[in-house]
Amino acid sequence: MPISPSAEPACSASTPTDLWLRGVAANPGAPAEVLLRLLDPAAGAARQILCQERDLPDEVVDAVVAHPEFKVRRSLAGNARVAPAVRGRLVDDPHVLVRATVAGGPHPRPRQQRPLPDDVLVTLLTAEDGAERELLTAAEVQQELLSSWQVTASFRYRMRGHEHPAVRQLATGVWGMLTAEERQALLDDPDPDVRESAEYWVSAADPAGMGAVFPAPGHYRWLVLNNYALSETVLEEALSDPEFHWSVAGNPHTPPYAVARLARDADPAVRVRVAARADLDPAVWAELAEDPDERVRTRARVQPLPRTRAECLAVDHETAEGAHDCLCLMLEPHTAPDPDWYRACAESGEVMLRLAAAKWPALPADLVARLAVDPHEEVRHRLASWHPLAPAETVLAAFVARPRQRPHLLVQSRLPRTGLSHLLDHEDPEVRALAAADPTLGRPPAELLTDPDDRVRRAAAANPLFTGDALEALLHDPATAEGAAANPGLPAARLHALLDLADLPR
């Protein structure tokens, strides 16, 4: 694993052996027999780098899973670099904190969460309290799992007929994906908890249900006014107070007569939200398309009728404040627009629609190529951050221009690691660090070994262009020792020798 340009700087008080151990732990060329030595307690902080911050050979994974210290196993349980199935091997770990870390997902949390295998999810969801319930209950572990984004919409749908009611109940959370027959089966389920969960969604669409009484202040009020069918009394009370107009304007159950009233609201933010609805009457849409506020006109005109709610939601994200630098998780949607809609968006003259298309991971290669040279910079950057086929040069440009996207882009294979010599003098140290690791520079980046930023020095020292005596000199310089120990050009014998100096047992 190459040294990450965004990794934290080494502590200035570290001893040479500490620096070497951390470097060896990150060294992508270190063989399994070297890495196994770092599982010894004497390895200190390097052990966590090994178990939690890099991919691992199978032999090392086997050793970590069987390690007697739960903290070591817990580090692997939260490793974002290994496959979910590797983390899932710890689902039956004897220590509840290890199981809870599997359930909570890897850290730092990746933007594109990879779901755990189905059998691992079922094991967590059906677990019962053990001897450690005073530390953490099975229900608390399950809550960790459900809030981790590792339980996808497709998994919930597949589980609608599962034998265990706690698993079957999850299907009610994707109510919109279910057919009428599948919904009825859950409403008639023999388990009362499953029936209650299904009835919740029926009540949400019934004006005589949860929206029958005006809710008390707090989050529940927001939830009801934005999402649930409201009784006529509650709706009129909400319409009488401008504080609630924005919520009701976006509520999918708001009836047409109320939508028409809100389309003339004094607040343009309310009118924008009305203009984003999928169920607009053509006359209301036409009125909003001529609204005196540019934001309202644009939101209406960018999507002529007819349009679906899923299409409107996809565009809404692009109109949100800060959408250009969004760090949102890349989640599997419960419902998504038709693929033909995304294709049409990619060819649209509306920037907002092209932005939505750039985020669709199934956009075909010819349209990806089209958006990669889009005249609007943000379309190109959005494509780089979201699409698996984005060209390397587009991804690199986004890396340079969008610092907040770098942690996500650094773990993508699409980010170029070669041909970066033109970035060696870049003003941003993270960009210089990426370039410093380029093994095709033609000569070792010696000028970066004295860079004022520690990340740049470490990345330069880890460049395999440094060999022989030059690499040995870097190993003995505190400013470059950690990066040099991570250099994949170091042979196994030399790596073992560094660990010998730290008194790690063979």
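Residues numbered from 1 in each chain as written. Predicted model: local features only at pLDDT ≥ 70, side-chain atom pairs only at ≥ 80, totals over all residues. Heavy atoms only, no water.

1. Details of the overall build of the protein chain
Condition: The helix and strand labels rest on DSSP assignments: H or I over at least four residues marks a helix, E over at least two residues marks a strand, and numbering proceeds from the N terminus. When a residue's accessible area, from a 1.4 Å probe over protein chains only, is under 20% of the maximum for its type it is buried; when over 50% it is exposed; and in between it is partly exposed. We get accessible surface area from the Shrake-Rupley algorithm with a probe of 1.4 Å; when it comes to residues, only the shown protein chains can shield them. The charge count treats Lys and Arg as positive and Asp and Glu as negative. His and the chain ends do not count. Here the site of a charge means NZ on Lys, CZ on Arg, CG on Asp, or CD on Glu.
Per the secondary structure count, the protein chain includes 32 helices and zero strands. For the protein chain, the C-alpha atoms occupy an extent of roughly 80 × 60 × 40 Å along the three principal directions. Put simply, the protein chain has 506 residues, and 49% of those count as buried. Approximately 23,500 Å² of the protein chain is accessible, and the part contributed by carbon and sulfur atoms is 55%. Seen as two clouds, the 51 positive and the 74 negative side-chain charges of the protein chain have centres 2 Å apart.

2. Focus on the confidence of the model for the protein chain
The predicted coordinates of low-pLDDT regions are not to be read in fine detail. For the record, the criterion: The quantity known as pLDDT measures the predictor's confidence residue by residue, on a range of 0 to 100. Residues count as neighbours in contact if any of their non-hydrogen atoms are within 4.5 Å of one another.
Of all residues in the protein chain, 95% have pLDDT values of 70 or greater, and the mean over the chain is 94. A low-confidence stretch, residues 1-12 stays under pLDDT 50, and its non-local contacts, those more than four residues away or across chains, total 32 contacts.

3. Describing helix α7 (residues 96-104)
Most of α7 sits inside the fold, with eight of its nine residues counted as buried. Regarding α7, the residues found buried are Val 96, Leu 97, Val 98, Ala 100, Thr 101, Val 102, Ala 103 and Gly 104. Buried residues along α7 sit against α5 (70-77), α6 (84-88), α8 (118-125) and α9 (138-146). Within two residues after α7, Gly 105 carries a phi angle of roughly 90°, on the positive side.

4. Some thoughts on unusual backbone geometry
The omega torsion of the bond from His 107 to Pro 108 falls at 0°, within 30 degrees of zero and hence cis. Mapped onto the elements of the fold, Pro 108 is located in the loop between α7 and α8. In this chain, Leu 305 is followed by Pro 306 through a cis amide linkage whose omega measures -5°. Mapped onto the elements, Pro 306 comes out in the loop between α20 (294-301) and α21 (309-319). A positive phi angle is found at Asp 503, which is not glycine, with a value near 60°.

5. Details of the pattern of salt bridges
Where we set the bar: Take a side-chain nitrogen of Lys or Arg and a carboxyl oxygen of Asp or Glu: if they are within 4 Å of each other, that pair is a salt bridge.
A full pass over the atoms with the stated rule returns 34 salt bridges. A salt bridge links Glu 447 to Arg 443; the nearest nitrogen and oxygen atoms lie 3.1 Å apart. For Glu 482, the salt bridge goes to Arg 458, with nearest N and O atoms at 3.7 Å. Highlighted residues: Glu 482 in helix α31 (residues 481-485) and Arg 458 in helix α29 (residues 454-461), separated in sequence by 24 residues. Each member of the pair Glu 482 and Arg 458 is classed as buried. When salt bridges that share partners are traced, they join Arg 22, Asp 454, Arg 457, Arg 458 and Glu 482 into one network.

6. Some words on the packing of aromatic side chains
Using the following cut-off: Working definition: a ring pair exists when centres of Phe, Tyr or Trp rings (six-membered ring for Trp) sit within 6.5 Å. Plane angles under 30 degrees give stacked, over 60 give edge-to-face, the rest tilted.
If you walk through the whole model with that rule in mind, you get five aromatic pairs. Relative to Trp 201, the ring of Tyr 200 has its centre 5.2 Å away and its plane inclined at 85°; by these criteria the two rings are edge-to-face. For Tyr 200, a relative accessible area of 32% corresponds to the partly exposed category. Between Tyr 342 and Trp 360, the ring centres sit 4.8 Å apart and the planes meet at 5°, which makes this aromatic pair stacked. Residue Tyr 342 is located in helix α22 (residues 339-346), and its partner Trp 360 is located in the loop between α23 (351-358) and α24 (365-372); the two are separated by 18 residues in the primary sequence. The same class applies to Tyr 342 as to Trp 360, namely buried.

7. Things to note about the nonpolar core
Heads up, the rule is: For this analysis, a nonpolar core means a set of buried residues of the types Ala, Val, Leu, Ile, Met, Phe, Trp, Tyr and Cys, connected via side-chain atoms within 4.5 Å.
Leu 38 and Leu 124 are the most contacted members of the largest nonpolar core, which totals 105 residues. Those residues in contact with Leu 38 that lie beyond four places of it in its chain are Leu 21, Val 24, Ala 25, Ala 43, Ala 46, Arg 47, Leu 50, Leu 499 and Leu 504. Leu 235, Leu 280, Val 284 and Ala 300 belong to the second largest nonpolar core, which has 27 residues in total.

8. Points about the packing of helix α4 (residues 58-65) against α5
Just so we agree on the cut-off: Axis lines are fitted through C-alpha atoms, for helices just across the contact stretch, and the angle between N-to-C directions can take any value from 0 to 180 degrees. Each angle is binned into one of four classes, with values under 35 degrees roughly parallel, values over 145 roughly antiparallel, values of 65 to 115 roughly perpendicular, and all other values oblique. Each residue gets one label: Ala, Val, Leu, Ile, Met, Phe, Trp, Tyr, Cys and Pro are nonpolar, Asp, Glu, Lys and Arg are charged, and the others, such as Gly, are polar.
Their axes nearest at 8 Å, the elements α4 and α5 cross at an angle of 130°. Between α4 and α5, the angle is such that the two are oblique. Contacts from Val 61, Val 64 and Val 65 of α4 reach α5 at Val 72, Arg 73 and Leu 76. In terms of residue class, the contact of α4 with α5 is made up of five nonpolar, no polar and one charged.

9. Overview of the packing of α7 against α9
Axis separation between α7 and α9 bottoms out at 7 Å; the angle between their running directions is 25°. Between α7 and α9, the angle falls in the class roughly parallel. Side by side, α7 and α9 meet where Val 96, Arg 99, Ala 100, Ala 103 and Gly 104 of the first sit next to Val 141, Glu 144 and Leu 145 of the second. Residue classes in the contact of α7 with α9 are distributed as five nonpolar, one polar and two charged.

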